[in-house]
Amino acid sequence: MTEGKKQQFNAPVGSVDNQGTQNNVAGVNYGVQTNTSDPELQATVKEIQTLLAGLDVTQATTTSEQMRLAGTVIAQIEEKPTFKERAIRAARGGLVEGLKQNPVGAIVAGAIEGWTKEKD
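Treat the numbers as computed from the prediction; the structure is a model and nothing was measured.

**Describing the packing of aromatic side chains**
For the structure shown, the criterion picks out 0 aromatic pairs. Here the basic side chain of Lys 84 rests over the ring of Trp 115, its NZ or CZ set 4.7 Å away from the ring centre.

Structure representation (structure tokens):
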């Protein structure tokens, strides 16, 4: 039994309007693309990151503690309907991915992404 020729295809990963990032890990290209460069939505994400930074997430060693801290941030977002709406628009633009860098932020991002499904 003879082996067939192995063919390899390599193509660069691009980004939308050069607003995404491209990384190379162990020879595998992957890109993170965002669909918006709206300064208001970027400011919304920074505001959420500031709320997260104000928490002592290093002390949250259990899932229930992480959920309690995330609930605090989620409640602060929900208290302001326009803030919540901007957070939803930011999620639709792919801007909340950066929040997922820690477990508490991931819970907050999940809640925001859930809100987008409620609106659809």
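From this point on, the discussion continues.
**A look at the packing of helix H1 (residues 39-53) against helix H2 (residues 63-78)**
Taken N-terminus to C-terminus, the directions of H1 and H2 make an angle of 140 degrees; their axes are 10 Å apart at the nearest point. Accordingly, the angle class assigned to the pair H1 and H2 is oblique. In this structure, the crossing between H1 and H2 has a hand that is right-handed. Where H1 approaches H2, its residues Ile 48, Leu 51 and Leu 52 are matched on the opposing element by Val 73, Gln 76 and Ile 77. Of the residues assigned to the contact of H1 with H2, the class counts are 5 nonpolar, 1 polar and no charged.

**Thoughts on helix H3 (residues 81-92)**
In an α-helix, one turn spans 3.6 residues, which is why side chains three or four residues apart end up on the same side. For H3, spanning 12 residues, the distance from its first C-alpha to its last is 17 Å, which sits close to the expected 16 Å at 1.5 Å a residue. Within the span of H3, buried status applies to Phe 83, Arg 86, Ala 87, Ile 88, Ala 90 and Ala 91. The inward-facing, buried residues of H3 contact H1, H2 and helix H4 (103-119). Of the residues flanking the end of H3, it is Gly 94, one or two places downstream, whose phi is positive at about 80 degrees.

**As for the pattern of salt bridges**
Across all of its chains, the model carries 4 salt bridges by this definition. Taking the shortest distance from any N to any O, the salt bridge between Arg 89 and Glu 40 comes out at 3.0 Å. Placement of Arg 89 in helix H3 and of Glu 40 in helix H1 is noted, with a sequence separation of 49 residues between them. A residue is classified by how much of its surface remains accessible, and Arg 89, at 32% relative accessible area, is partly exposed. Glu 47 is paired through a salt bridge with Arg 86; the nearest N and O atoms lie 3.3 Å apart. Placement of the pair is Glu 47 in helix H1 and Arg 86 in helix H3, with a sequence separation of 39 residues.

Conventions we followed
- Residues numbered from 1 in each chain as written.
- Predicted model: local features only at pLDDT ≥ 70, side-chain atom pairs only at ≥ 80, totals over all residues.
- Heavy atoms only, no water.
- Phe/Tyr/Trp six-rings, centres within 6.5 Å; stacked < 30°, edge-to-face > 60°.
- Lys NZ or Arg CZ within 6 Å of the ring centre and 35° of its normal.
- Axes fitted to C-alpha atoms, helices over the stretch in contact; angles between N-to-C directions.
- Helix = DSSP H or I, 4+ residues; strand = E, 2+ residues; numbered from the N terminus.
- Parallel < 35°, antiparallel > 145°, perpendicular 65-115°, else oblique.
- Left-handed = near helix turned anticlockwise from the far one by under 90°.
- Contact = heavy atoms within 4.5 Å.
- Nonpolar A, V, L, I, M, F, W, Y, C, P; charged D, E, K, R; others polar.
- Expected span 1.5 Å × (residues − 1).
- Buried < 20%, exposed > 50% of the residue type's maximum accessible area, 1.4 Å probe, protein only.
- Salt bridge = Lys/Arg side-chain N within 4 Å of Asp/Glu carboxyl O.

Read these as spatial facts, not as claims about activity.
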